[in-house]
Amino acid sequence: MAKVTVIGSNMIDLTTYVNRIPVEGETIEAPEFEMGFGGKGANQAIAAARLGSEVNFITTVGNDSFGNEQIDNYKKNGIRTDGISIGHQSSGVAPIFVDPTSDNRILIIKGANKELTPEVLDDKQYLIKDAGLLVLQQEIALETNYHAIDLAQQYGVPVLLNPAPANDHLNIDYVSKVAFFTPNETELATLTGMPTSNVEEIKSAAHYLIDRGVGNLIITLGSKGALWVTKDHDEIVPGMKVKAIDTTGAGDSFIGSFAHYYAAGEEIPLALRHANQYAAMTVTKKGTQKSYPNAEKLNTMLSDYAEKI
Ligand code: ATP
Ligand code: RIB
């Protein structure tokens, strides 16, 4: 069975669907609001679990009612909760604004996610050592991720680092230790200081990191799919054409599903093709985790889509 360990954040998503963003000093009405479970770490863990991976999630939830609801949500989705701690602060929350073009703007208030320190990992490292893949993002302290990378290296576990949200202070020495580094174009530009406005520029920036030791660069390209770059190979794995309703959490659904398919033994190009399909299905529905299908629902959604085109 595919075994994936995710270390990262959990949030409560407060999503407002807007006709437009108000200008300074203006009050306008928005048509719709939805609350749901989110956070980049949690989203990735949920996607992998819904597809059938055995998932250990190491996170810190808030000491409020949201924290208990988060834990119930993981249990309902079959995620192992031994890695979950209850912090001393409120839960992390994410006010999100989605416009009619399906694009989003997100604020994050980390709350208890700040309490996921390197010391917490020391007590939970037994959840890393048997993983087929360790998955990290950047809504927790960079030092915690660095420690996770060191522990994974000690146990010979490959690491996928998804550098979202972008952080100027990310230490390139740690990036060079991971098997998979998965930025979007903006995150790649932030880390390398290089332009990434077309595929050739993206490839050059990717090689800057490959030359420093990263095994596989996977750059997500929105509706265009993903670009996979290694030392001597590059390949665009095209996305699926769908009608996007809400792209929030598309990146997380891509990473979580890729982690599942890779840990299940698929070769990288096939795992990427499947991750593109999974992520494309999620953008056709509202919300983050709410839009992530399980394996059975995914098959139905894909065949419904195939019939329409
Ligand atoms: P976000 O931060 O909004 O979660 P991201 O910038 O990290 O997203 P994207 O590159 O926008 O990541 O999207 C991730 C993946 O989701 C893409 O590689 C693709 O597979 C899928 N995807 C995103 N948007 C679309 C779309 N409009 N149509 C089809 N697939 C999409
Ligand atoms: O990537 C989407 C996620 O970013 C949302 O679920 C929100 O919680 C923020 O963490």
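Conventions and cut-offs
- Residues numbered from 1 in each chain as written.
- Chains lettered and ligands numbered in written order.
- Predicted model: local features only at pLDDT ≥ 70, side-chain atom pairs only at ≥ 80, totals over all residues.
- Heavy atoms only, no water.
- UniProt positions renumbered as here; feature names shortened; annotations may be inferred.
- Helix = DSSP H or I, 4+ residues; strand = E, 2+ residues; numbered from the N terminus.
- Polar contact = N/O pair within 3.5 Å; in protein donor to acceptor, adjacent residues only side chain to side chain.
- Contact = heavy atoms within 4.5 Å.
- Near = heavy atom within 4 Å.
- Areas by Shrake-Rupley, 256 points an atom, 1.4 Å probe, with all protein chains shown as cover.
- 1 Å grid on protein atoms, 1.4 Å probe; cavity = no way out; pocket = protein on both sides within 12 Å on 5 of 7 lines; lining within 4 Å.
- Sits in = over half its atoms within 2 Å of the grid points.

Turning next to the UniProt feature "active site" (unreviewed entry) in the protein chain. In this numbering, the UniProt entry assigns the feature "active site" (unreviewed entry) to D252. Tracing the sequence through the fold places D252 in helix α8 (residues 250-263). At 3.1 Å, the side chain of D252 forms a polar contact with the side chain of Q44.

A few words on the side chain of H260. Positionally, H260 belongs in helix α8. Beyond its immediate chain neighbours, meaning those up to four positions away, H260 contacts A2, V4, A48, L51, G52 and S53.

Residues in contact with ligand 1 amount to 19 residues; listed here are only the nearest, N184, G222, G225, G251 and N276. The contact in question runs from an oxygen atom of ligand 1 to an N or O atom on the side chain of N184, over 2.9 Å. Contact between ligand 1 and T247: an oxygen atom at 3.5 Å from a main-chain N or O atom of the residue. Burial of ligand 1 by the surrounding chains reaches 84%, relative to a free accessible area of 630 Å². One can see that ligand 1 is located within the largest pocket. Secondary structure elements with two or more residues in the shell around ligand 1: α8 and α9 (268-282).

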